[in-house]
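Chain and residue survey
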Amino acid sequence: ISPFLPPLEALAATSEGSLSPPPRVPEIDMPEYKTQIAIRDFPIDWTVLMENIMDPDHGYFAHSSSGSAPIGFDWYSSDGVENKMEVKEESSENGGWKIVSSVNAVAKLAKYNNEVRSLDAKGSTTKKKKKKKTVEQPTKLATSTFVAPSLIYLGRRDNSTATSNFLTAFWVCPVGTGRSRFMSAAVSKLPVKVPRWIVHMQLNNFLDQDTFLLLGQHRAVLKREAEGHLENDSSAAPTTTNNVRKSTYVYRSPSEKLPVKLGQFFDSTLSRVPNRKESLMAWYNRNNNENKLFEPWPSRETVLDRYEQHTKNCPDSQALVSRCDRVMTRSKVLGWALVLLKLVVKPQSSVEAATATATGLFELGSFALGFRSVVSTLSSTLCALATSFANRLVQTKPFFGILAALFVSHYIAARIKREFFFKFTDNIHHEDIKFIANNWQDL
């Protein structure tokens, strides 16, 4: 409920009205909206993770391979000229604080890249496709909202007070210095719910794109925060603030009005987070030597371990992985059984198979007239049917068709299962960043 009070004290303060209740996204409580949730733990400090979410400029480059995501981030950015960002702050008597930024939801970086930086704009002979005439819709507002201490939600609206047809919401919870629990929700008016496992797959791929990069920022920020505490403790007039971001960050983009406010909030409040200073200084003293960090840099497998960070904490994902395992096992067993059947059963012509089946059925019919042995008649009939069925299976077309279907089932199950374990290797990362040139022309 509050990062500044123990849970029971915060609950009591909320009941008394001296502390605001946990903030909510208004659309989540509306009946026409559907919500899809996801969770992931990160070895990244919660402050750094929140600043990353609130920075729209990074997504245009860091998430360049995620389909239309770069354009989505561009809607929330500012060019500082035609589309300036407005930021409003709201405070309540019992300690609540909220900031909201709004800007026209139109392309800015993409427009600049296409009209100013691109080769076509500099005299290339590349033919440009004619654009179809479309009816221009009223420009929406891209709004970003931060409600202290840990809620962020973003959405496009007709105006600042209107609801949004689609929002993404994030609750970034501190679970320790240098660690965070990331909870997200997609809130929309879609007529149907997308299966949660598909949402989780897409989100994990999205998060892996820049998490390893954030680790470097996280280490530098924590180191500077610890040094700020040392400087403050040794000063003649110690204060309760630690101006880490004010003295370290260089804000240059017109899109950074919101991160500036967030940085001011962290500088003025982090020193009061329970146990943060003590755990931070313990980490710093363990890993600092002559003002240099010697803590080993963790591997990608550790930082981007989806199983430890997501799968084992999510019952839906665990159930999906179990289903994939069953599909893979059964497809293997059936495949080998079919191959063994092909080796054992002698192929028959269709005439021979039909004759054997007809003979068995005739004997079964004779039982009713001549009262022959029940066991022998049924046995011969079932054997004839089984032989006919096996003969059909081992024919060339059915045999390879079934094997192909089993192979495809195994392949798809294996690919889906892979999404819930470590995946984002160096090779995938290097291929991923090549997409940046699709949005930001190499000159």
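Above this note sits the structure.
The shown structure was predicted, so the numbers you read here are calculated from the model rather than taken from an experiment.

With respect to the helices, strands and loops of the structure, Phe-61 is situated in helix H3 (residues 56-62). The exposure class of Phe-61 is partly exposed, given its relative accessible area of 29%. Expressed as a C-alpha distance, the spacing of Phe-61 and Asn-439, which sit 378 residues apart in the sequence, is 7.7 Å. With residues near it in sequence (within four places) discarded, Phe-61 still touches Leu-109, Ile-436 and Trp-440.

This part covers the pattern of salt bridges. All chains considered together, the criterion is met by 22 salt bridges. The closest approach of N and O atoms between Lys-261 and Glu-89, which form a salt bridge, is 2.8 Å. Within this pair, whereas Lys-261 is found in helix H8 (residues 257-269), its partner Glu-89 is found in strand S2 (residues 86-91), the two being separated by 172 residues in sequence. Note that Arg-276 is salt-bridged to Glu-225, the shortest N-O span being 2.9 Å. Of this pair, Arg-276 sits in helix H9 (residues 276-287) while Glu-225 sits in helix H6 (residues 196-234), and the two are 51 residues apart along the sequence. Exposure remark for Glu-225: the relative accessible area of 2% places this residue in the buried category. A single salt-bridge network, built from bridges that share partners, covers Arg-40, Asp-208, Arg-306, Glu-419 and Lys-423.

The strands that make up a sheet pair up through hydrogen bonds in the backbone, lying either parallel or antiparallel. One open sheet holds the seven strands; their spatial order is S1-S7-S6-S5-S4-S3-S2, and the pairing between them is antiparallel. Here the strands that pair on one side only, and so sit at the sheet edges, are strand S1 (34-42) and S2. Pairwise comparison of adjacent strand axes, ignoring direction, gives a mean angle of 15° for this sheet. Where strand S5 (residues 151-157) lies against strand S6 (residues 164-176), six bridges are found, and the strand directions are antiparallel. Each bridged residue has a counterpart across the sheet, and for Gly-155 the counterpart in S6 is Leu-167. In this fold H6 packs onto S1 and strand S7 (179-188), with an angle of close to 40° to the strand it touches most, S1. On the sheet, H8 packs against S2, strand S3 (97-104) and strand S4 (141-147) and is oriented at approximately 165° with respect to S3.

Let us look at a nonpolar patch on the surface. Taken together, the side chains of Phe-407, Val-408, Tyr-411 and Ile-412 present a nonpolar region at the surface, about 420 Å² in accessible area. With respect to the helices and strands, the residue Val-408 is situated in helix H15 (residues 396-418).

Residue placement: Lys-108 occurs in the loop between S3 and helix H5 (109-117). Buried charge without a partner: Lys-108 forms no salt bridge, and the closest opposite charge is Asp-74, 5.7 Å away. Residues contacting Lys-108, with those up to four places away along its chain left out, are Asp-74, Trp-75, Tyr-76, Ser-77, Asp-79, Asn-83 and Val-103.

Rules used in this analysis
Residues numbered from 1 in each chain as written. Predicted model: local features only at pLDDT ≥ 70, side-chain atom pairs only at ≥ 80, totals over all residues. Heavy atoms only, no water. Helix = DSSP H or I, 4+ residues; strand = E, 2+ residues; numbered from the N terminus. Buried < 20%, exposed > 50% of the residue type's maximum accessible area, 1.4 Å probe, protein only. Contact = heavy atoms within 4.5 Å. Salt bridge = Lys/Arg side-chain N within 4 Å of Asp/Glu carboxyl O. Pairing = 2+ DSSP bridges. Axes fitted to C-alpha atoms, helices over the stretch in contact; angles between N-to-C directions. Patch = residues over 30% accessible without salt bridge, like charges linked within 9 Å, V, L, I, M, F, W, Y side chains within 5 Å. Areas by Shrake-Rupley, 256 points an atom, 1.4 Å probe, with all protein chains shown as cover. Lys, Arg positive; Asp, Glu negative; His and termini not counted.

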